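Next come the chains, spelled out residue by residue.
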Amino acid sequence: MKTGLVESWAKNPSEMGPLYPFVGLEVPLFLICFIVWVLYTVWQMKFELSNHAREREDLSQEDRLLKTIESNLRNH
Amino acid sequence: MDNELSALNVLFTEFYYWVCIVLMFLIHVGFCLYEVGVSRRKNMMHTLMKNTMLIPLITVTFYFFGWWIYFAFQNGPGITGGLNPAPWAQPWNELMGTHMGGRPHSGALTAKDTAAWARLNGVFWGAFLIFSCTAGSILSGAVIERIRSSAFWLFAVMVGSVTWVIDAAWGWSADGWMVQKLGYHDAYASGVIHAISGGSALAILYHLGPRIGRFRPDGTPRNFPPHNTWLTIIGLFLIYTGFWGFYAACNIPIFDVDPSAGRSFFSATTIYLTPTTLSAITLNFLMSLAGGLIAGYFVSKGDPYWTFSGGLAGIITASAGNDLYHPLQAHLIGAFGVLCLYKLHYWVERRFKIDDAVGAVAVHGYAGVIGVVIAGLVLWGYPASPNANYARITPWGQLIGALIMFFGLGFLPCFLVASLLKRFRLLRIPEQIELAGMDHRIREMEAEEANEIVRAELKAAQRSDKRETAS
């Protein structure tokens, strides 16, 4: 079994082309990476929105926001 | 690669860009330190993550489409021609991987493509990628402490992997349509990186609005002092250092500038293939830095923030023509730019209530525009390219170029996207979170964890006491 086009390093190097494995599968690889990027972007947006919703709920509790601001002032 | 001289030329060029990329990465270290230092303690981690994550996001998107746009869009398309074929820059192309430059495996490539790009594609790509990240990072500082991360990263990808790349294709390549038709000259990217990023930042800031408490009821701005001045200053020093690497990366180190009639003359060139020297740009870089620092100190009456930012803005103002200026010209141009942008910054801030947390619109945007326009006056009549059929440098060509950079490709696209995001409430974080601080959950969790550890230590101490008493 072999994954690349390289037969031998002793071969004339000026004849050699791509050295990486799985030559010919670049388009499917690209599609996988592109889809991962799109999915990550969607996940990140949802993650941020849900985090913000939780934080808002948390900060809406009685005096919570005021106490946090006072604590920030002490830590400043 | 079959004789020592040609191998040395290729391998030196490859190594040259590799070193420049490493140096330029310091720009991002600097930006992170600077922004974290400027932000308030309650927003530090969010500020750091916002800037850090633009690096991987611009990296993948620049790989997916940015690099290809740079080569494909040089004619507009539709202004001086159609889309240029650029198979070596397609994300699935074999020349994006390890390659020895021999026979192409893919039918889209020629032997000439593989010989030319096998060893240089990756380092050119890397250098441009760092330029892209810089463009994104310039936006980052302006909008700290109130933008949603997802909105910011969308802008970072838009500017870093699309709009700035289009302007580079048009005005920062040997055969871009702006070079051909306008004689646009911007050797070290006053306009193509700084003006576009400044224009983009201004558009986002317009819709984003100021931080809570930034303006008094009478409209005068309150100062938000940096929580750590030392971080900001070290950050700016690192940005200077990375910028130096950027200057070298904008050059081609060895190129035959006189291939006609069997003659040869090898020199460093700009990206337009016009000759310059590393020696000249070193002089001009330092003299414009000095001019900017002195002017920044003078105009701000010794304010450290504006003095350091003035140094950066001095270089940016002189960058468009720093391949050709005399060092004394670079010095004066750098200083003049800082005097103008300082006044402009405060006028825009008060007039339009724009809260630019780090002065990015001024330091990058206004300095970039001023620099491009000044280059048109000082370099009036110079050939913009070795190609005699292309337009010469003129004040009007540069002015049009500066407007395309700042407004056409910078302000306008970001204005439209920011207005859409604002409409769907996806631009700015909720008010309670802004007031509490974007790190408040992290800080609470850290405090809980620290308390838990202290409680565990207390219990351990009590057990230890009991054992000692018993023995």
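Residues numbered from 1 in each chain as written. Chains lettered and ligands numbered in written order. Predicted model: local features only at pLDDT ≥ 70, side-chain atom pairs only at ≥ 80, totals over all residues.

## As for the overall build of chain A
Inference 1: In terms of helices and strands, chain A carries two helices and zero strands.
Inference 2: The C-alpha radius of gyration computed for chain A amounts to 27 Å, which surpasses the reference 11 Å derived for 76 residues by more than 25%, pointing to a less compact arrangement than a globule.
Inference 3: Overall size of chain A, expressed as C-alpha extent along the three principal axes, is 75 × 30 × 20 Å.
Inference 4: The 76 residues of chain A split such that 7% are buried. (Helix = DSSP H or I, 4+ residues; strand = E, 2+ residues; numbered from the N terminus. Rg over C-alpha atoms; globule rule 2.2 N^0.38 Å. Buried ≥ 20, exposed ≤ 12 C-beta atoms within 10 Å, placed from the backbone.)

## As for the pairing of strand β2 (residues 266–269) of chain B
Successive residues of a regular strand alternate their side chains across the two faces of the sheet.
Residues and elements named next belong to chain B.
Inference 1: Direction of pairing for strand β1 (residues 252–256) relative to β2: antiparallel, over a ladder of three bridges. The residue of β2 that forms the bridge with Ile252 is Thr269.
Inference 2: As defined by bridge partners, β2 adjoins strand β3 (residues 275–276) across two bridges and the pair is classed as antiparallel. Note that in β3 the partner of Thr269 across the bridge is Pro275.
Inference 3: Between the end of β2 and the start of β3, which pair antiparallel, lie five residues, with Leu273 showing a positive phi angle near 70°. (Pairing = 2+ DSSP bridges.)

## Notes on the packing of helix α12 (residues 327–352) of chain B against helix α13 (residues 360–378) of chain B
Residue and element names in this part refer to chain B.
Inference 1: Closest axis-to-axis distance for the α12/α13 pair is 9 Å, and the angle between their directions is 135°. Between α12 and α13, the interaxial angle falls into the category oblique. Here α12 and α13 pass one another in a crossing that is right-handed. Listed contacts from α13 to Gln329, Ile333, Gly337, Cys340, Leu341, Leu344 and His345 of α12 are Ala362, Val363, Tyr366, Ala367, Ile370, Gly371, Ile374 and Val378. (Axes fitted to C-alpha atoms, helices over the stretch in contact; angles between N-to-C directions. Parallel < 35°, antiparallel > 145°, perpendicular 65-115°, else oblique. Left-handed = near helix turned anticlockwise from the far one by under 90°. Contact = placed C-beta atoms within 7 Å.)

## With respect to the domain arrangement of chain B
Often the size quoted for an interface is simply the accessible area lost on bringing the parts together.
Inference 1: Taken domain by domain, chain B comprises domain 1 (4–84 + 120–428) and domain 2 (439–471).
Inference 2: Look at where the C-alpha atoms of domain 1 of chain B and domain 2 of chain B centre, and you get two points 50 Å apart. (Domains from an automatic or database assignment.)

## With respect to the sheet that holds β3(B)
Inference 1: The three strands are arranged β1-β2-β3 (chain B) in an open sheet whose pairing can be described as antiparallel. Edge positions in the open sheet fall to β1 and β3 of chain B, since each of these has one partner strand only.

## Overview of the nonpolar core
Inference 1: Formed by 141 residues in total, the largest nonpolar core has its most connected members in B:Ala156, B:Ile204 and B:Leu341.
Inference 2: When neighbours within four sequence positions are excluded, B:Leu341 is seen to be in contact with B:Ala313, B:Ala362, B:Val363, B:Tyr366, B:Ala367 and B:Ile370. (Core = buried A, V, L, I, M, F, W, Y, C linked by C-beta atoms within 7 Å.)

## Concerning the interface of chain B and chain A
Inference 1: Listed per partner, the contact involves 30 residues of chain B and 28 residues of chain A.
Inference 2: Sorting the residues of the side of chain B that touches chain A by element identifies α3 (54–72), α6 (149–171), α15 (431–436) and α16 (440–470) of chain B as the ones contributing at least two each.
Inference 3: It is α15(B) that contributes the most residues to the side of chain B that touches chain A, four residues altogether.
Inference 4: Its residues placed into classes, the side of chain B that touches chain A shows twelve nonpolar, eleven polar and seven charged. (Nonpolar A, V, L, I, M, F, W, Y, C, P; charged D, E, K, R; others polar.)

## What about the environment of B:Pro430?
Inference 1: Structurally, B:Pro430 is set in the loop between α14 (395–423) and α15.
Inference 2: A tally of 15 C-beta atoms within 10 Å means that B:Pro430 is categorised as partly exposed.
Inference 3: Expressed as a C-alpha distance, the spacing of B:Pro430 and B:Arg148, which sit 282 residues apart in the sequence, is 9.0 Å.
Inference 4: For B:Pro430, the residues in contact, after removing those within four places along its chain, are A:His52 and A:Arg56.

## Considerations on the packing of helix α5 (residues 121–142) of chain B against α13(B)
All names here are of chain B.
Inference 1: In contact at an axis separation of 9 Å, α5 and α13 are set at 140° when each is read in the N-to-C sense. The angle between the axes of α5 and α13 places the two elements in the oblique class. Seen from α5, the contacting residues are Ile138, Gly141 and Ala142; seen from α13, they are Ala360, Val361 and His364.
Inference 2: Considering only residue class, the contact of α5 with α13 consists of four nonpolar, two polar and no charged.

## Considering unusual backbone geometry
Residue and element names in this part refer to chain B.
Inference 1: The residue after Gly76, namely Pro77, is reached through a cis peptide bond having omega -5°.
Inference 2: By the secondary structure assignment, Pro77 is in the loop between α3 and α4 (111–117).
Inference 3: The phi dihedral of Glu145 falls on the positive side, at around 75°, and the residue is not glycine.
Inference 4: Summarising the element assignment, Glu145 is placed in the loop between α5 and α6.

## Quick word on helix α2 (residues 44–52) of chain B
Along an α-helix, a turn takes 3.6 residues, which lines up residues three or four apart on a common side.
Inference 1: For α2(B), the set of buried residues is B:Met44, B:His46, B:Thr47, B:Lys50 and B:Asn51. Taken around the axis of α2(B), the buried residues stretch over an arc of 170°, which confines them to a single face. (Arc of directions from axis to C-beta.)

## Some words on the environment of B:Gly235
All names here are of chain B.
Inference 1: By the secondary structure assignment, Gly235 is in helix α9 (residues 229–249).
Inference 2: Placed 146 residues apart in sequence, Gly235 and Gly381 show a C-alpha to C-alpha distance of 39 Å.
Inference 3: When neighbours within four sequence positions are excluded, Gly235 is seen to be in contact with Gly30, Phe31, Leu33, Tyr34 and Gly37.

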